Amino acid sequence: MALFWKRKNKERFVTLGLNEPAAKRTEEQSRPAPVQSPAPTQSTARLEQPAALSQPNTAPVVTNMPALEPAPTGAAPTPPPTRETQAITDTARSIEPVSQSAAQSVDTPASEPLKLATPPPVKAVPSRSPFSTSILGLDKSIEELQAEQAALEQALAARFRRAVAATRESLSDRIDTVFQNRKQIDAELLDELEEALIAADIGVPTTLHILDTVRRGIARQQINDIAALKTAIKTELLSILKASEQKGVASETSVPENVAPYVMMIVGVNGVGKTTTIGKLAQRIKAEGNDVLICAADTFRAAASDQLAIWAERTGVPLIQQKQGTDPAAVLFDSLKAAKARNSDVLIVDTAGRLHNKSNLMAELEKMKRVANREVEGAPHETLLVVDAVTGQNGLEQARQFLKVAGVTGIVLTKLDGTAKGGIAVAIAKELNLPIRYAGIGEKVDDLVVFDPEQYVNSLFD
């Protein structure tokens, strides 16, 4: 599955060659290791304990000893030369000299050569990681990774389709009803189609733009049935959503990697899911190997830091916070210093849930942006406005006001799974030219996904 956070280049990841097909790995592992001949020694030399064996945790060195061969028939066995042997046990890590008399006490037939005990094979210890597989896929072949990626993408598409089911029923079913028992497209049908689009919260300006495209298609006799009409609407919605990516920040990869930390400032009014979005962002970005830090700069509301602390503990992400009433710009300054000291990749900044008519809170937001830009080049690199999809056109008005003061670069659309007004995404893209960066499609920590315009449009009609 595609990465959630794509700022790191592939060159930064170490390639161990473990993603090769299993057959190739087995062939390489089956090759015998080169054998080094031992250094020639005199048989009469006294066996000395190597100096390296006196160190702890050092593997014992075994010197090749001559085997006791049986004597010719009718003669007594030839006694071994006078020497000291070495007793090797399974538990000892060192070699202790043993006298010849002690060696002769071992119950070994004289006709058989001495044999050293072979240590039992070490069993592989199963992984205790909470993940069933390596997050880097180092234990899988390319074919297995590709199959897993396809399965995950299909699962994500199915979840997204379920999330926009209410919007699809409101829009697609209404279009089906408009065409029901109709043999031709007339002015009455277009009026009903207009009502269906507005009911899905696509917005009046966007609806009129779509209807103009439909009328041109009818005049050219390109639209004469329901299938052609749906295709024309899908094409227009997709072009609107993709055109919005030309402004704002459509991807974190637009900022060079040498600029760190990547500062994301989250704004929005109270109750839209801002704190939950921060927790989900931190978890998803951290899960891909990035160092993340959260700044609790909402010192205006008493419970804001406490709620954020719960998410920080749940996701295992450090949180920088101070007592209520502290200057938010000071909290941000401390967080930027901490992020630099930790070499953090991402700093997510929570801000006060302010209304667009609170001039003092808006001025405070401008001060925070100045502090961030002074400490890190180009910061904040993204200013994401969290919009509740349930609010519909009211959320669009919030976006207009924040765009004037906060310099919003993108939208996070939350609660997309709980409303029939998911068309607000198209209205925002059309009227504000802002890309939809992320979408909340559930309550779980992984239910925050990168917004895919093509997947969104296909889910509305398929």
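The structure this text deals with has already been given above.
Notes on the structure in this doc start here. Along each chain, numbering runs from 1 in the same order as the chain's sequence is written. Only residues with pLDDT of at least 70 are given local features in this predicted model, and only at 80 or more are side-chain atom pairs given and counted; all residues enter the totals for whole chains, interfaces and linings. Each side-chain value is worked out from all heavy atoms of the structure, with water and hydrogens disregarded.

Looking only at helices and strands, one finds 14 helices and ten strands in the chain. Considering the chain as a whole, with its 462 residues, one finds that 38% of them fall into the buried category. Working rule for contacts: check all heavy atoms of both residues, and any pair within 4.5 Å makes them a contact. By sequence separation, contacts in the chain at least 24 residues apart represent 76% of the contacts at least 6 residues apart. Here, Shrake-Rupley sampling with a 1.4 Å probe gives the accessible areas, and only protein chains in the shown set may cover a residue. Just so you have it, the chain exposes about 26,200 Å², and 52% of that area is on carbon and sulfur atoms. Secondary structure follows DSSP: runs of H or I at least 4 residues long count as helices, runs of E at least 2 residues long count as strands, and numbering of each begins at the N terminus. A 1.4 Å probe rolled over the protein chains alone gives each residue an accessible area, and that area as a share of the maximum for its type sets the label: buried under 20%, exposed over 50%, partly exposed in between.

It is worth spelling out the nonpolar core at this point. Each nonpolar core is a collection of buried residues, namely Ala, Val, Leu, Ile, Met, Phe, Trp, Tyr and Cys, held together in the definition by side-chain atoms within 4.5 Å. Grouped together as the largest cluster of nonpolar side chains are 100 residues, with contacts concentrated most on Phe-160, Met-264, Leu-281, Leu-332, Ile-348, Tyr-438 and Tyr-456. Apart from the residues lying within four places of it in its own chain, the contact partners of Ile-348 are Met-264, Ile-266, Ile-278, Leu-281, Ala-282, Val-292, Leu-293, Ile-294 and Cys-295.

In this section: the packing of aromatic side chains. What counts as a ring pair is set by centres within 6.5 Å for rings of Phe, Tyr and Trp (its six-membered ring), and what kind of pair is set by the plane angle: stacked under 30 degrees, edge-to-face over 60, tilted for all other angles. Scanning the entire structure with this criterion turns up three aromatic pairs. Between the aromatic rings of Phe-4 and Tyr-438, the centroid separation amounts to 5.3 Å while the plane-to-plane angle is 20 degrees, which identifies the pairing as stacked. Here the residue Phe-4 occupies a position in the segment before α1 (22–29), and Tyr-438 occupies one in strand β9 (residues 436–440), the gap between them amounting to 434 residues. Given a relative accessible area of 4%, Phe-4 falls into the buried group.

Strand pairs in the sheet, formed through backbone hydrogen bonds, run parallel or antiparallel to each other. A sheet is described by the order of its strands in space; here eight strands give the open sequence β5-β4-β6-β3-β7-β8-β9-β10, paired in mixed fashion. Two strands bound the open sheet, and with one partner strand each, they are β5 (319–320) and β10 (448–450). Here a strand pair is declared whenever DSSP counts at least two bridges between the two strands. Relative to strand β8 (residues 410–414), strand β7 (residues 382–388) runs parallel, the two being bridged by five bridges. In the strand pairing of β8, Val-387 is matched with Leu-413.

A word on the environment of Gly-395. Looking at the element boundaries, Gly-395 is found in helix α12 (residues 393–405). Among the residues examined, Gly-395 registers a relative accessible area of 0% and is labelled buried. Along the primary structure Gly-395 and Leu-385 are separated by ten residues, whereas in three dimensions their C-alpha atoms are 9.9 Å apart.

Moving on, we come to a nonpolar patch on the surface. Patch membership needs two things, relative accessible area over 30% and no salt bridge, and members are linked within 9 Å if like-charged or within 5 Å if nonpolar (Val, Leu, Ile, Met, Phe, Trp, Tyr). The rule for a salt bridge is simple: a side-chain nitrogen of Lys or Arg has to be within 4 Å of a carboxyl oxygen of Asp or Glu. Nonpolar side chains collect at one region of the surface, where Ile-198, Val-204 and Leu-208 lie side by side and expose about 230 Å² of accessible area between them. Along the chain, Val-204 turns up in helix α6 (residues 204–219). A relative accessible area of 45% places Val-204 in the partly exposed class.

This brings us to unusual backbone geometry. Cis geometry marks the peptide bond from Ala-260 to Pro-261, where omega comes out at 0 degrees. Residue position: Pro-261 is located in the loop between α7 (226–243) and β3 (262–267). Even without glycine at this site, Asn-343 takes up a positive phi of about 55 degrees. On the basis of relative accessibility, which here comes to 62%, the residue Asn-343 falls in the exposed class.

We now examine helix α10 (residues 328–342). Every helix has an expected span of 1.5 Å times one less than the residues it contains. With 15 residues, α10 should reach 21 Å at 1.5 Å per residue; the first-to-last C-alpha distance of 21 Å fits that figure. Every buried residue belonging to α10 is among Pro-328, Ala-329, Val-331, Leu-332, Ser-335, Leu-336 and Ala-339, and all of these are buried. Seen from one end, α10 has its buried residues packed into an arc of 150 degrees, which puts them on one side. Looking one or two residues beyond α10, the residue adopting positive phi is Asn-343, at roughly 55 degrees. Throughout, the arc means that of the directions going from the helix axis to the C-beta atoms.

β3 sits mainly inside the fold: six of its six residues count as buried. Strand direction decides the pairing type here: β3 and β7, joined by four bridges, are parallel. Across the sheet, the residue bridging to Met-265 is Thr-383, located in β7.

A full pass over the atoms with the stated rule returns eleven salt bridges. For the salt bridge of Arg-400 with Glu-431, the shortest nitrogen-to-oxygen distance reads 2.6 Å. You can see Arg-400 sitting in helix α12 and its partner Glu-431 sitting in helix α13 (residues 424–432), a full 31 residues away along the chain. Judged by its relative accessible area of 28%, Glu-431 falls in the partly exposed class. The network of salt bridges with common partners includes Glu-252, Glu-382 and Arg-437.

A separate point is the packing of helix α8 (residues 274–286) against helix α9 (residues 304–315). With axes taken as lines fitted to C-alpha atoms, and helix axes fitted only over the stretch in contact, angles between N-to-C directions fall between 0 and 180 degrees. Remark: α8 packs on α9, axes separated minimally by 9 Å, with the N-to-C direction vectors making an angle of 20 degrees. Judged by the angle between their axes, α8 and α9 are roughly parallel. The element α8 and its partner α9 pack so that their crossing is right-handed. Of the residues in α9, those touching α8 at Thr-275, Thr-276, Ile-278, Gly-279, Lys-280, Gln-283 and Lys-286 are Gln-307, Leu-308, Trp-311 and Thr-315. The residue makeup of the contact of α8 with α9, split by class, is three nonpolar, six polar and two charged. Should an angle fall under 35 degrees it is called roughly parallel, over 145 degrees roughly antiparallel, and 65 to 115 degrees roughly perpendicular, with every other angle called oblique. In this scheme the handedness of a crossing depends on how the near helix is turned from the far one: anticlockwise by less than a right angle means left-handed, clockwise means right-handed. Under the grouping applied here, Gly and all other residues not named as nonpolar or charged are polar, the nonpolar ones being Ala, Val, Leu, Ile, Met, Phe, Trp, Tyr, Cys and Pro and the charged ones Asp, Glu, Lys and Arg.

In short, the description is geometric, and any link to function would need to be established separately.
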